[in-house]
Amino acid sequence: MIDFSMYELKEPKISAYRCESCGTLYYPAPMVCKTCNCRRDPVTDRGWEKFDLEGPCTLLSWTRLWNLPEGYTKKNMLFGIVEFENGLRASGQLEVDEPKTGMKLVSTVVESDERPGNPVKVFVFKQ
Ligand SMILES: [Zn+2]
């Protein structure tokens, strides 16, 4: 892992949400909890706990993309869908040599500026 502390930069994170009324976890954040109908204020997030979605995960599905949009310098990229230990699922880039459904991975987050526009935070799953 890269040591960001020497640059005084915060390691990028992607947030998931927990409904404080019933404890249901979400990623991405919904406007209304489907379990208890509790509303989320998109500005204050009151009644909802935000936490970093990170750590060990399992690869559920993956694909290799060719014909990448203009601006990418690679020939192809791997994308995968993973399930975290808390049951939440997310998609992101896959950086493994031979992906296999069911393999254990670790999630990291990078600020990607590979495509036009502002950098966006994306998940990168590694072994
Ligand atoms: Zn709820």
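Per an unreviewed UniProt entry, the recorded name for the protein is ChsH2 rubredoxin-like zinc ribbon domain-containing protein, and the organism is Sphaerochaeta globosa.

A.B. asks: Explain the overall build of the protein to me, please; I cannot follow it from the model alone.
C.D. replies: Helix and strand counts for the protein come out as zero helices and eight strands. When the elements of the protein are put in sequence order from the N terminus, they spell out β-β-β-β-β-β-β-β. Over its C-alpha atoms, taken along the principal directions, the protein stretches across nearly 45 × 35 × 30 Å. The buried share of the protein, taken over its 127 residues, is 31%. For the protein, long-range pairs separated by at least 24 residues make up 48% of all intrachain contacts whose partners lie at least 6 apart in sequence. Accessible area of the protein: about 8,700 Å², with a carbon and sulfur share of 50%.

A.B. asks: What is the right way to look at the side chain of N76 in this model?
C.D. replies: Relative to the elements of secondary structure, N76 occurs in the loop between β4 (55-65) and β5 (77-84). A distance of 3.1 Å separates a polar atom in the side chain of N76 from a polar atom in the side chain of R64. The residues contacting N76, other than those within four sequence positions of it, are R64, L65, W66 and L68.

A.B. asks: Got a minute to help me understand the packing of aromatic side chains in this structure?
C.D. replies: For any pair of aromatic rings, the description consists of the separation of the ring centres together with the inter-plane angle of the planes. Counting across every chain of the model gives four aromatic pairs. Taking 5.8 Å as the distance between ring centres and 80 degrees as the angle between the ring planes, the aromatic pair formed by Y27 and F123 counts as edge-to-face. Here F123 lies in strand β8 (residues 120-126) and Y27 lies in the loop between β2 (25-26) and β3 (48-52), a separation of 96 residues in the sequence. Geometrically, the ring pair formed by F123 and F125 is stacked, given 5.8 Å between the ring centres and 15 degrees between the ring planes. Just as F123 is buried, F125 falls in that class too. Members of the aromatic cluster, connected to one another through ring pairs, are Y27, F84, F123 and F125. Lying across the ring of F51, R18 places its NZ or CZ 4.8 Å from the centre. Directly above the aromatic system of Y17 lies the positively charged group of R40, at a separation of 5.2 Å from the ring centroid.

Conventions we followed
Residues numbered from 1 in each chain as written. Predicted model: local features only at pLDDT ≥ 70, side-chain atom pairs only at ≥ 80, totals over all residues. Heavy atoms only, no water. Helix = DSSP H or I, 4+ residues; strand = E, 2+ residues; numbered from the N terminus. Buried < 20%, exposed > 50% of the residue type's maximum accessible area, 1.4 Å probe, protein only. Contact = heavy atoms within 4.5 Å. Areas by Shrake-Rupley, 256 points an atom, 1.4 Å probe, with all protein chains shown as cover. Polar contact = N/O pair within 3.5 Å; in protein donor to acceptor, adjacent residues only side chain to side chain. Phe/Tyr/Trp six-rings, centres within 6.5 Å; stacked < 30°, edge-to-face > 60°. Lys NZ or Arg CZ within 6 Å of the ring centre and 35° of its normal.

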